[in-house]
Amino acid sequence: MEEFRRTYSRLCKESGAEPQETVLQQMHQLPQGRLDLATQSLTVDTCRALGKLLQKEALLTELVLSDCMLSEEGAVLLLQGLCVNTIVRFLDLKGNNLRASGAEALAKLLRQNKSIQSLTLEWNSLGTWEEAFAAFCGALAANGALRQLDLRNNQISHKGAEELALALKSNTSLQQLDFPPDLRWNHIGLLGGRALVNCLPSNRTLWKLELAGNSIPGDILRAVEQAMDHNQDRQTAFRESQARAHVLSKEVRHLREEKSKQFLDLMETIDRQREEMVRSSKASAARVGQLQEALNERHSIINALKAKLQMTEAALALSEQKAQDLGELLATTEQEQRSLAQRQAKEHRLEQQEAAERESKLLRDLSAANEKNLLLQNQVDELERKVKSQQDQLFLTRQELTNTAAELKMRAVQAEERLELEKKRSRQSLEDAEHLRFKEVEHMTRHLEESERAMQERVQRLEAVRLSLEEELSRAKAAALSERSQAEEELIKAKNQVRLEEQRLAHLEEKLRLLAQARDEAQSACLQQKQVVADAQARASQLGRQVEGLRRRLEELQQELSNKDQEKAAEVTRVRLELQEQNGRLQAELTAQEALKEKAAALERQLKVIASDHREALLDRESENASLREKLRLKQAEIARIRDEEAQRASFLQNAVLAYVQGSPLRTLSPQK
């Protein structure tokens, strides 16, 4: 509720008025969702602020404004705010002496507001102005949300009672009241009582109507009580019939659930049997697949043996081809030795030429490195100039910082001057306030304290501005330091580049030294090539000896091939025997599969029998459901008959009441309709 209090104070100040202290105290003491301003004399400004606040407030559900002595304008402002409110459920306007304009505002509220369910209007004067009360009753007839209405002590005449009776005829929400409208201690009289009695036959749900203290004859009061008793009996019968229908619907639902459970159980058993059949068929199929895989493996083994035989034959052909190739290699190696000697002489001459070209390239690289060194020195000079320029920029930023500090001081001085001016104004207002009445002294002192708080807040805001400017100054200093550090990093990078160029020059000198070493190594390689030629001649003699060894190896391979042919014949005979054994096993498994198929056929026959039993059970359940539906239809017919009897009784009672009223001696005094 603290936010509610602050909003109320702000709205009062915006309208140029001061909030009422009593209202603020009540707001501080209230529970969540309830605003109780009973016995508080509310001004027009307070009513205007509350009306604006109620248009936007989303947490308030109960509003108590009893005995607040609201003026006509204040009541209209409050009710205008409630017209657009969708949260308030309980509204108490007891003892506010509402008149014509209040009744019209209430009529507008009932037409526009769809959330108020309880409305207390006790001890007002709504019935004194007949046209305004007629508008109120017309809005009440159109309202569909109101559940509780209190109209005690509102000076309602017989015409007002007639308008209220018309509203009770057409308003469906009031016809379903649990707490009916209270009309005690008004001026309804005989005519108003008759009008209310005439409206009761069309209203079959209103079960209580208080009419004491309204100068209504006892027979009319008894007729009203009989109508209310009849409505109570009708409601109890209707509730009992609803309870019986609810019980029957529960039984039907229970039977349906049991039937669905039985059907689901049967379907689960069928599914399990099907799964078992599928599982057995899968197992038999897997067994057949395994046997087929075993046969395929045997065929693959036979094919592998055939492939091995072909490979050995191919190996023999290759060995013979290799022997021929080795003879050709001996001839080619002799020719290659001659060509190698010639190539080595040519390569020696080419290497000498390449060494001379490398020396010239290295000299050119040295000159290019010297030029790059000069360029890097120029870049270092440029970086030093940039550092000087950045130092100048740092100096300029420092000057700007000093200027901003001076401006901050000027602003602080101006703020202090403004503070002194505001203090002088407050002192002047204090001197002027001393001449006012003694009752307004406390009010003016509070106002001055609030103005001083506002000035203190202004001073705090200026201090916050000064702190923000100092933070900006510190950020500018940090930016300048970061730029200076970046410049120093760039200078360090340039120095590192110079060092890298120096290292590159040293690397080039190292390359020159390595090239000289490579030249010496090339000369030694020439000597090694001569040694290689001698080694090649020795290898040629070794190859001749290897050819003789290969011939002996060919003879051994031929012997191994003859042995393998014998092993192959033995393996083929063994495989034939195994295939015969596997064929016998497959035939046994085929007989087993035929037995499984016979079992599956027997299971299918059992399933058909179970399905037929299930169909018979379903037919029995459907016949039971049909009988239950017939019982339900009979019950509904009995309920309809009871309703018709109740309607006939009501019409008989209405005719009896009308006959009694028409035959009473008071009829001579009542005007003709």
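Let me sum up the structure you'll find in this document. (Residues numbered from 1 in each chain as written. Predicted model: local features only at pLDDT ≥ 70, side-chain atom pairs only at ≥ 80, totals over all residues. Heavy atoms only, no water.)

**A closer look at the nonpolar core**
Counted only if it meets this: In this description, a nonpolar core means a group of buried Ala, Val, Leu, Ile, Met, Phe, Trp, Tyr and Cys residues linked to one another through side-chain atoms lying within 4.5 Å. The buried label applies to any residue whose accessible area, calculated with a 1.4 Å probe on protein chains only, is under 20% of its type's maximum; exposed applies above 50%, and partly exposed to all values in between. To qualify as a helix, a DSSP run of H or I must reach at least 4 residues; to qualify as a strand, a run of E must reach at least 2; elements of each kind are numbered from the N terminus. Contacts are assigned to residue pairs with any non-hydrogen atoms lying within 4.5 Å of each other.
By size, the foremost hydrophobic cluster in this structure holds 51 residues, and its most contacted members are Tyr8, Leu42, Leu91, Leu93, Leu106 and Leu121. Listed by contribution, the elements that provide at least two residues to this core are helix 1 (2-14), helix 2 (21-29), helix 3 (44-56), helix 4 (72-83), helix 5 (100-112), helix 6 (130-142) and helix 7 (158-170). When neighbours within four sequence positions are excluded, leucine 121 is seen to be in contact with Leu93, Leu98, Leu106, Leu126, Phe136, Leu149, Asp150, Leu151, Arg152 and Asn154. By size, the runner-up hydrophobic cluster in this structure holds 19 residues, among which are Ala195, Val197, Leu211 and Val657.

**Topic: the packing of helix 3 against helix 4**
Packed helix pairs are characterised by how far apart their axes lie and by the angle those axes make with each other. Under the convention used in this document: Note on definitions: angles span 0 to 180 degrees between N-to-C directions of axes, and those axes are lines fitted to C-alpha atoms, for helices only across the stretch in contact. Working rule for angles: under 35 degrees goes down as roughly parallel, over 145 as roughly antiparallel, 65 to 115 as roughly perpendicular, anything else as oblique. Side-chain classes follow a simple rule in which Ala, Val, Leu, Ile, Met, Phe, Trp, Tyr, Cys and Pro form the nonpolar group, Asp, Glu, Lys and Arg form the charged group, and the remainder, Gly included, forms the polar group.
Where helix 3 contacts helix 4, the axes come no closer than 7 Å and their chain directions differ by 5°. As judged from the angle between their axes, helix 3 and helix 4 are roughly parallel. In contact with Val44, Cys47, Arg48, Leu50, Gly51, Leu54 and Gln55 of helix 3, helix 4 contributes Glu73, Gly74, Leu77, Leu78, Gln80, Gly81 and Leu82. Taken together, the residues of the contact of helix 3 with helix 4 break down into 7 nonpolar, 5 polar and 2 charged.

**Considerations on the pattern of salt bridges**
Heads up, the rule is: Here a salt bridge means any side-chain nitrogen of Lys or Arg lying within 4 Å of a carboxyl oxygen belonging to Asp or Glu.
Inspection of every chain in the model, using the stated rule, returns 14 salt bridges. Between glutamate 624 and arginine 621 there is a salt bridge, with the nearest N and O atoms lying 3.2 Å from each other. Residue glutamate 624 and its partner arginine 621 are located together in helix 11 (residues 441-663), separated by 3 residues, close to a single helical turn. For arginine 633, the salt bridge is made with glutamate 630, and the minimal N-O distance between the two is 2.0 Å. With arginine 633 and glutamate 630 both in helix 11 and 3 residues apart, the pair spans about one turn of that helix.

**A short note on unusual backbone geometry**
Located in the positive-phi region is asparagine 97, a residue other than glycine, with phi close to 55°. Within the secondary structure, asparagine 97 is located in the loop between strand 3 (90-92) and helix 5. Phi angles above zero are rare outside glycine, and tryptophan 123 is one such case at about 60°. Take tryptophan 123: it is sitting in the loop between strand 4 (118-120) and helix 6.

**Thoughts on the packing of helix 6 against helix 7**
Following both chains from N to C, one finds helix 6 and helix 7 inclined at 10°, their axes separated by 8 Å at the closest point. Judged by the inter-axis angle, helix 6 sits roughly parallel to helix 7. On helix 7, the residues touching Glu130, Phe133, Ala134, Cys137, Leu140 and Ala141 of helix 6 are Lys159, Gly160, Glu163, Leu164, Ala167 and Ser170. Here the contact of helix 6 with helix 7 is built from residues that sort into 7 nonpolar, 2 polar and 3 charged.

Just geometry here; none of it tells us what the structure is for.
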